[in-house]
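# Inside the fold
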Amino acid sequence: MFNLELFGLKLNTNYIGRNFFYFEEIDSTNTYLLDKSNNIDISGTVVFAEFQTKGRGRMDRSWSSNSGQNLTFSILFLDNPKLFQMLNFLNFSAALAVAVSLENLYQIKPELKWPNDILISRKKTCGILVETVTSNSNIERVVVGIGLNVNQNHFKGEFNYPPTSIRIELGKEVERERLLAEILNNLEILINKLKSNKNQIINEWKLRCKMIGEKISIKQNNEVKFGIFDDIDDNGFLLLKTKAGIEKITAGDLSLV
Ligand code: BTN
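So, a few notes on the structure that sits alongside this text. (Residues numbered from 1 in each chain as written. Predicted model: local features only at pLDDT ≥ 70, side-chain atom pairs only at ≥ 80, totals over all residues. Heavy atoms only, no water.)

### Remarks on the site of the ligand
Around the ligand lies a shell of 20 residues, among which S28, Q52, R56, R58 and K124 are the nearest. With respect to the ligand, the side chain of T29 contributes an N or O atom lying 3.1 Å from a nitrogen atom. Take R56: an N or O atom from its main chain is 2.7 Å from a nitrogen atom of the ligand. About the coverage of the ligand: the protein hides 99% of its 420 Å² of free accessible area. Breaking the shell around the ligand down by element, the ones donating at least two residues are α2 (29–34), β3 (71–78), β6 (123–135) and β7 (138–148). Broken down by element, the shell around the ligand gets its largest block of residues, 4 residues, from β6. Among the residues making up the shell around the ligand, the classes are represented as 5 nonpolar, 11 polar and 4 charged. (Near = heavy atom within 4 Å. Polar contact = N/O pair within 3.5 Å; in protein donor to acceptor, adjacent residues only side chain to side chain. Areas by Shrake-Rupley, 256 points an atom, 1.4 Å probe, with all protein chains shown as cover. Helix = DSSP H or I, 4+ residues; strand = E, 2+ residues; numbered from the N terminus. Nonpolar A, V, L, I, M, F, W, Y, C, P; charged D, E, K, R; others polar.)

### Some thoughts on a nonpolar patch on the surface
A cluster of nonpolar side chains, namely V224, F226 and V257, defines an oily patch on the protein surface of about 310 Å² accessible area. Examined against the element boundaries, F226 turns out to sit in strand β9 (residues 223–232). (Patch = residues over 30% accessible without salt bridge, like charges linked within 9 Å, V, L, I, M, F, W, Y side chains within 5 Å. Salt bridge = Lys/Arg side-chain N within 4 Å of Asp/Glu carboxyl O.)

### Overview of the pairing of β7
Each regular strand carries side chains that alternate between the two faces of the sheet. Of all 11 residues making up β7, 8 are buried, and the element is well covered by its neighbours. Bridging between β3 and β7 involves 8 bridges; their strand directions are antiparallel. Within the sheet, the bridge partner assigned to I75 lies in β7 and is V144. Taken together, the 10 bridges between β6 and β7 define a ladder with antiparallel strand orientation. Within the sheet, the bridge partner assigned to S135 lies in β7 and is N138. The antiparallel pairing of β6 with β7 creates a hairpin that spans 2 residues between the two strands, and N136 there sits at a positive phi of about 50°. (Buried < 20%, exposed > 50% of the residue type's maximum accessible area, 1.4 Å probe, protein only. Pairing = 2+ DSSP bridges.)

### Considerations on the sheet that holds β7
Spatial strand order, β1-β2-β3-β7-β6-β5-β4: 7 strands in an open sheet with mixed pairing. Looking at which strands have only one partner, the edges of the open sheet turn out to be β1 (20–26) and β4 (111–113). Looking at each pair of strands side by side, their axes are set apart by 20° on average, direction ignored. Here β4 pairs with strand β5 (residues 117–120) via 3 bridges, running antiparallel. Considered in β5, the bridge of E111 is made with L119. Each of β1, β2 (46–52), β3 and β7 touches helix α6 (residues 176–196); the most contacted strand, β3, lies at about 30° to it. (Axes fitted to C-alpha atoms, helices over the stretch in contact; angles between N-to-C directions. Contact = heavy atoms within 4.5 Å.)

Here it is in structure tokens:
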């Protein structure tokens, strides 16, 4: 059972997580916040679920997570045109917030995988799904969904990338309430930094990306591109070095070759 009081005691934010919805079960926390008919109109609202019946991942994949063991939650952002012009950076900030929290609380050294996965020992422990609602090509709502494997011990089924959890890597259970509060605290700090220093976010992200310089493949729909992971550019796009030169990759699924 998630202890809301304990979570509240550890939360140091001004707005993120101050409006908080807890669900035992929901289809998807992202879907809930994207749906305007739920009438949630406070920026920073967090929807947390112990279990999602239709958890969603990037590229139309599903996200499955055992009930009551992990963190599956989404954060709503509203009325922030400046931030909405930098959605790539919001992605990076969310991944960094998780990574920094794992470093601070458990001295784990996570690795960031472009665009926004968090790996421990080269296995996936966290995925992030950023989605928007637009009207007349204006972004009205942005939802950042985070699925973090915390205390799950076994993973059944097929996975696009081998999964792991903090518990498996650390060898002990961790307190989800403290971890969630730490992630939200760090996310708010990073988003505030974005306004003044977005390069710092990219640099902090790059410090934790160990795949730069390695041979990779990028899957985009049915096409696979091979090359060397050259760098991340100032907009957060991946630069792939191929025989033809440097190609800018805006989206796709990265694998090490
Ligand atoms: C990915 O790695 O493909 C992204 C996974 C994102 C999963 C989270 S869990 C909370 C939120 N609700 C969803 O349905 N998806 C995101």
